[in-house]
Amino acid sequence: MEEDHHRDREAQAVNISDPPAENNPPADTLATSLCLLGNHMFPDSVAANACSGVNRSEPASLQPSDVTAEDPGPEAEPPSNLGTESETPDCQNNLPAHSAGRGTEDAGVENDQSDSGEFVVTMLAKAKLEEQGIGVKGRSSPLLEAGIQESPPFTSHRDEDVTADSWRRHRKHVFVLSEAGKPIYSRYGSEEALSSTMGVMMALVSFVQSGDNIIRSVYSEGHTVVFLQKGPLVLVCVSSSRQSEQQLREELLYVYHQIISMLTQASISRIFEHKKNYDLRRLLAGSEKILDGLLNLVDSDPSFLLAAVHCLPLASSLRDSLSQILQKAITPNLVFSILVAKNQLLTIVQEKTVIEDARLAPADVHLLLNLIGASSAFQAGEIWTPICLPLFNPDCYFYAYISYLDPPECTVCLLLLSTDKEAFYAVAECKRKIEEAMLAQNSLSLIAKAQSYSVSQVGVSDLRHFMYKPFDVPDNHRQLTQFTSPEMEAPYGSDEEKMRLLDLYRYMHSRIHSTSRPLKLIYHVAERETLLAWVTSKFELYTCFSPLVTKTCAITAITKLLRWIKKEEDRLFIRYPPKYSTTPNPSKSSRSSRSEQQDTTDNGFLSLL
Amino acid sequence: MPDLSRMKKPDVKLVFLGDMNVGKTSLLHRYMERKFKDTISTVGGAFFLKQWGPYNISIWDTAGREQFHGLGSMYCRGAAAVILTYDVTNWQSLAELEERFLSLTDTANHDCIYALVGNKADLTDSKAHHCQDSDRLPEDRAECEEERTEPHVLSACPTPPGTGGVGQQPASLSGLLLHKQVAREDAVALYGRILRYKGLDEKSSLPADKMCFETSAKTGYNVDVLFETLFDMVVPAILSKRHENQASPTVDLEDWRKVSGKRGKSSCC
């Protein structure tokens, strides 16, 4: 089944979104030229990049799989439609072949003129022009190799040697570039060193665009390359994880949204309208760590996969009392009060008008949590910073007050969002009230005791782990999507094993959510465990059992598990999202049963809606 | 562990401005926590409250990144002192003060005082390099901001090597010092231009040699001097503000509570 799936994907190795009727040139020619382009441009970029004589080539990712798909191993035969041997990309091992650089590449072009050569030549010429424009910066890279790195200092991956094998072996690369091909962000290695590689990516995008099409993905044996164009930004993921294109695109979307959260969509569009080749790194300088952190979280935290937030299990009475504390500490224009412990949500209280009109999207919460997590600087003092919640409104800023309530441990974090830029002192006053109330109720020590649970508490033998995302919590249309999941314990104690389990979940998820053939239920016997995923109108459930479980056993176990979750749901989820009103006329219909608190104060907030 | 001082309203406002990576956050950490620790690029602005005798002094540590440039004037509103920070090993960081940051101070108080602080003096100045903060733990040396490699042998070398550069070059293993790109005279000259920009008379303003500092957040060199000098300088501003408040018809009772606080030096001396 797996193979079928794979073959399906390969059939459309270059995945272009428009209907074929509009394809110009016809799809197959286009695909071929793209592949050629991929093969030729990367050696070319080697030449442009490798100023100090060190070689560099792109990961095998762009090796066209429609040509080499049936090749057995990584030591692939030369693809039939390629001109010169030296171009044969087993990119991982074929460094000497590329060392000829530009010369080799030119030869390659000539030899390939037979079929779609014209396109290729045109595009290569274009690409070269672009590279020469863009590559100027890249040429300064002897400096980089001499160790006088100009990249921002705090980031560990920034100074990676992009010519090294280890760089190419990263599981998932993410690149962000502008439409002009200017590098904006690379997960590994400095953007300068990669500027020509990114220029090539942009050439691919614009080549397909010139035929009124959009490039979506390129599949090769070991890698999937996914493109996402959002306004003036192009995001590219080169992944050797076996995730679906959809999942990878979702991840790119998180990256895009994190950038938006710092700059807003409106200002990015404005900047690039004004100056097409603006270097956005000027504005993002210092934020690389936030993006790095996001990508690490995306890889290790299933919240992103499930698009749901994970809240810390807490006795409902405690959660309610925390919510009430937040509800009472309000000031005009305050719209969200969020309490976070150990990077998990404790409670979230929203302005009533906001909650009527829109709810906070899980993705926005993820971005906020990432911002808190990525910034050790937050641990002292009180932060006041503009932040955009891209799914809530991509064009406007909120002002976030962030402060830890338990220095110096810094595990409990308060986040207050206001629409008023000038409200710092008023919002800081809310924190004092919250602090006082929590002190009076001894909340901090109670929170400190709260922790995630073990799967053994469920009392179902053979069940090793699960993720449960309900759709039927009361009030769910007005509420944040949540999920619950126990700690990952042995045999998933090590990072590698955790990742392996997550990969299995990702696989199950991709099958359930496949666009071509979605499934409701999968029972998957893997090598070292058995997984069962099930989606209904009321929930989405992923379970992991020991390998010896039988189907009947697993189904009984799931029945027990669902019963247990039902029993515990008050503790596992934020059941009644509380609200407050900081506007003068609180809306009449309040769905929340707990929103008796009506501390109505004055106005100023409605500009937002 | 709520800090009682946090319950009080600040009397006066100090703002740190300067390009990214010059060490604004590190200076504050050094002063407030007596430590030099790994910091990451500040987001927006961070607010700290410092009790100085009977006064509550608020300090804003702002992000130097261009992304937050638009906010600078907001953080500066009503400031009694603006601390313009640069990196002594980076000429551009001084130039940025004039180009990008000076105009932000338009929203500061009319009687705002300006200080120029050249940080990272330990990289260029053996005196600053050897300054040891007594509270400093040995572990601190390992985790230093900006991945400066700490020389293992602290041999003083009076002749700096000719390599100039930006930011984060390691002081070499032999303890060689970096080329100082910004001399004190450059800062003094900039101070003069700031006064002119503000339309202040040089003679009636605080003299440049009192307002230009060279510090090292890493070794603690001059850090306490910087903060304490400035705190003392803003006290008159607090008093005059109080005087105005007394004259005004609305009296903030909260204000009186803190006056009754014990006069005493802060813990950091």
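Position numbers for residues count from 1 along each chain, tracking the sequence in the order it is written. In the order they appear in the text, chains get letters beginning with A and ligands get numbers beginning with 1. A pLDDT threshold of at least 70 governs which residues receive local features in this predicted model, and a stricter bar of 80 or more applies before side-chain atom pairs are shown or counted, although totals over entire chains, interfaces and linings include all residues. Side-chain numbers come from the whole structure's heavy atoms, not from hydrogens or water.

**Describing the packing of helix 15 (residues 316–328) of chain A against helix 18 (residues 424–440) of chain A**
All names here are of chain A. At a closest axis distance of 9 Å, the pairing of helix 15 and helix 18 adopts a crossing angle of 150°. Our classification of the angle between helix 15 and helix 18 gives roughly antiparallel. Considering only the axes of helix 15 and helix 18, their crossing is right-handed. Contact with helix 15, carried on its side by L322, I325 and L326, involves I434, A437 and M438 of helix 18 and no other residues of that element. Note on geometry: axes are C-alpha line fits, over the in-contact stretch for helices, and angles between N-to-C directions span 0 to 180 degrees. Under the scheme used here, helices are H or I runs from DSSP no shorter than 4 residues and strands are E runs no shorter than 2 residues, and both carry numbers assigned from the N terminus. By the definition adopted for this analysis, an angle is roughly parallel if under 35 degrees, roughly antiparallel if over 145, roughly perpendicular if from 65 to 115, and oblique otherwise. Crossing handedness: left-handed means the near helix sits turned counterclockwise from the far one by under a right angle, and right-handed means the same turn made clockwise. Throughout, a residue-residue contact means that at least one pair of heavy atoms, one from each residue, lies within 4.5 Å.

**Examining the side chain of T105 of chain B**
You can see T105 of chain B is positioned in the loop between helix 3 (91–101) and strand 5 (113–119). Residues in contact with T105 of chain B, not counting those within four places in the same chain, are L17, C76, V82, Y114 and K198 of chain B.

**Some thoughts on the confidence of the model for chain A**
Detailed conclusions should not be drawn from predicted coordinates in areas where pLDDT is low. Residues and elements named next belong to chain A. Of the residues in chain A, 67% have a pLDDT of 70 or more, and the chain-wide mean is 74. Below pLDDT 50 for its whole length, residues 32–155 participates in 231 contacts with residues either more than four positions away or in separate chains. Note on scores: pLDDT gives the predictor's confidence for each residue, bounded by 0 and 100. Below a pLDDT of 50 lies the segment residues 585–609, which in the model reaches 66 contacts outside its immediate sequence neighbourhood of four places, other chains included.

**Focus: the packing of aromatic side chains**
Residues and elements named next belong to chain A. Between rings of Phe, Tyr and Trp, where Trp is taken as its six-membered ring, a pair exists when centres lie within 6.5 Å; planes separated by under 30 degrees are stacked, by over 60 edge-to-face, and by other angles tilted. One pass over the structure, following the stated rule, counts 26 aromatic pairs over all chains. With a centroid separation of 6.4 Å and 50° between ring planes, the pair formed by Y468 and F573 is classed as tilted. With Y468 in strand 13 (residues 463–470) and F573 in the loop between helix 21 (551–572) and strand 18 (579–580), the pair connects residues that are 105 residues apart, well separated along the chain. The pair formed by Y468 and F573 is uniform in burial state, with each residue classed as buried. When the ring of Y505 is compared with that of Y542, the centres are 6.2 Å apart and the planes differ by 75°; the resulting orientation is edge-to-face. Of this pair, Y505 sits in helix 20 (residues 495–512) while Y542 sits in strand 17 (residues 539–545), and the two are 37 residues apart along the sequence. This pair shows no difference in class: Y505 is buried, exactly as Y542 is. Throughout, exposure labels follow a simple rule: accessible area from a 1.4 Å probe, protein chains only, divided by the maximum for the residue type, with under 20% read as buried, over 50% as exposed, and the rest as partly exposed.

**Considering the pattern of salt bridges**
All names here are of chain A. A carboxyl oxygen of Asp or Glu within 4 Å of a side-chain nitrogen of Lys or Arg is what we treat as a salt bridge. For the coordinates displayed, the defined rule picks out 29 salt bridges over all chains. For the salt bridge of D279 with R281, the shortest nitrogen-to-oxygen distance reads 3.2 Å. By relative accessible area, which is 15% here, D279 ends up buried. Of the residues examined, R281 reaches a relative accessible area of 14% and is grouped as buried. For R500, the salt bridge identified is with E497, shortest N-O distance 2.9 Å. One end of the pair, R500, and the other, E497, are both in helix 20, 3 residues apart, so they sit about a helical turn from each other. Salt bridges sharing partners connect three or more residues here, namely K172, R187, E251 and D299.

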